[in-house]
Amino acid sequence: MPMKALLLAALIATPALAEPVEKVIPVPGFADFIAVDGATVWTTNRGRVEHWSAEKKLAEVPSPRPCGGMSIAHGSLWFADCKEGVVKRVSLHKAKVIASIPTGLANGKEGELNVAAGAGSIWVASDAKGEIKRIDAKTNKVIATIPTEPGAYYLAFGFNALWAVSAKGNLIQRIDPATDSVTKTTPLGKLPGFLAAGEGGVWVQEQGDGTVARIDPATGEVSGRVKVGEVLKYGDIDTGGGKVWLRSTEDQTFVVIDPKTLAIRARVGPLAGSGGLRYAPMGVWTTAHDKHTLSFWADPARIGAKTGE
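Everything numeric here is computed off the predicted structure, so don't read it as measured data.

Chemist: Where do I start with the sheet that holds strand β11 (residues 121–127) in this structure?
Modeler: Whether parallel or antiparallel, the strands of a sheet pair through hydrogen bonds between backbone atoms. Spatial strand order, β10-β11-β12-β13: 4 strands in an open sheet with antiparallel pairing. The open sheet is flanked by β10 (115–118) and β13 (141–147), the only strands paired with a single partner. For this sheet, the mean angle separating the axes of adjacent strands, direction not counted, is 30°. Pairing of β10 with β11, which is carried by 4 bridges, proceeds in the antiparallel orientation. Within β11, the position partnered with G118 by the bridge is S121.

Now the structure itself:
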């Protein structure tokens with residue numbers, strides 16, 4: 001075979017660098033929110049939280065109604081149970097509940113909220129009227145109650161602050177953990193939801209506008225926006241590896257955004273309904289609860305990479 005034909009055949013035979021490869025893991029029930037635990041993940045499901053590798057289920061912990069985003073910190077998994085109105089602490093080593101902290105939960109009916117970790121504490125929206133509870137991770141006790149604008153269900157910790165988004169008020173608030181008080185309130189677009197802090201900013205899904213807003217952590221002001229689709233309802237967002245990762249509900253499974261230029265670097269996977277997303281250096285994890293699956297996308301450095309990266 002001529003050299004030109006050999007080179008062409010080699011290029012055709014090696015498409016792996018062009019398209020991310022999805023490893024699909026069937027998960028019966030309603031796998032939704034994800035927390036990364038090293039090379040494995042925990043997911044919420046109906047009546048339980050589950051621990052999964054890319055090969056199989058490793059453990060499960062019963063709970064009446066796990067809801068919302070979870071955090072891993074201080075050797076434990078922290079999650080909310082919307083039926084019991086508590087935050088639960090699960091030992092990663094023993095895969096069992098070691099504390100159940102009464103907090104009350106905002107938005108417990110829909111379950112669209114999350115538990116955040118930072119400054120030696122665990123944070124959760126505890127009242128729809130506008131209240132966040134702060135839990136000391138050493139004692140498992142509530143040590144502060146912070147008033148917020150109503151509907152501040154969505155939380156993220158980063159840049160030495162807790163960030164709380166209210167879909168009801170279309171705003172984000174910055175909370176100083178040194179004083180347990182709101183230090184900045186910033187208007188947002190329609191129906192803001194889940195957010196992530198990292199890669200130089202705080203990133204918020206503006207679900208009603210189909211946009212992602214970048215918040216400057218120093219000023220607390222919006223420093224840019226990227227239009228992704230018509231809407232972004234019921235998705236998820238994370239940062240890592242020099243990128244912003246957006247689990248979407250329109251057109252694709254997830255979108256990769258350049259945090260500096262705000263360009264969309266990739267639209268990955270088929271339309272997969274609603275679910276969660278978390279980045280890890282070895283791969284991106286997504287769920288599609290309508291399809292009862294957990295997926296692993298290896299080599300995130302190449303997903304959405306520019307030519308020559």
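That shown, we press on.
Chemist: Help me understand the layout of surface pockets, please; the structure alone is not making it clear to me.
Modeler: Which parts of space are left empty comes out when a probe the size of a water molecule is rolled across the atoms. Taken as a whole, the largest pocket holds about 460 Å³ of empty space. Around the largest pocket, the lining comprises 24 residues; the ones closest to its centre are M70, S71, A156, D238 and R278. Looking at the lining of the largest pocket, the elements with two or more residues in it are β2 (34–37), β6 (66–73), β10, β14 (152–158), β18 (192–198), β22 (236–240) and β26 (277–280). Of all the elements in the fold, those that place two or more residues in the lining of the second largest pocket are β3 (40–45) and β6. Broken down by element, the lining of the second largest pocket gets its largest block of residues, 3 residues, from β6. Tallied by class, residues from the lining of the second largest pocket come to 7 nonpolar, 10 polar and 6 charged.

How each quantity is defined
- Residues numbered from 1 in each chain as written.
- Predicted model: local features only at pLDDT ≥ 70, side-chain atom pairs only at ≥ 80, totals over all residues.
- Heavy atoms only, no water.
- Pairing = 2+ DSSP bridges.
- Helix = DSSP H or I, 4+ residues; strand = E, 2+ residues; numbered from the N terminus.
- Axes fitted to C-alpha atoms, helices over the stretch in contact; angles between N-to-C directions.
- 1 Å grid on protein atoms, 1.4 Å probe; cavity = no way out; pocket = protein on both sides within 12 Å on 5 of 7 lines; lining within 4 Å.
- Points joined across faces, edges and corners; volume = space filled by probe spheres on them.
- Nonpolar A, V, L, I, M, F, W, Y, C, P; charged D, E, K, R; others polar.

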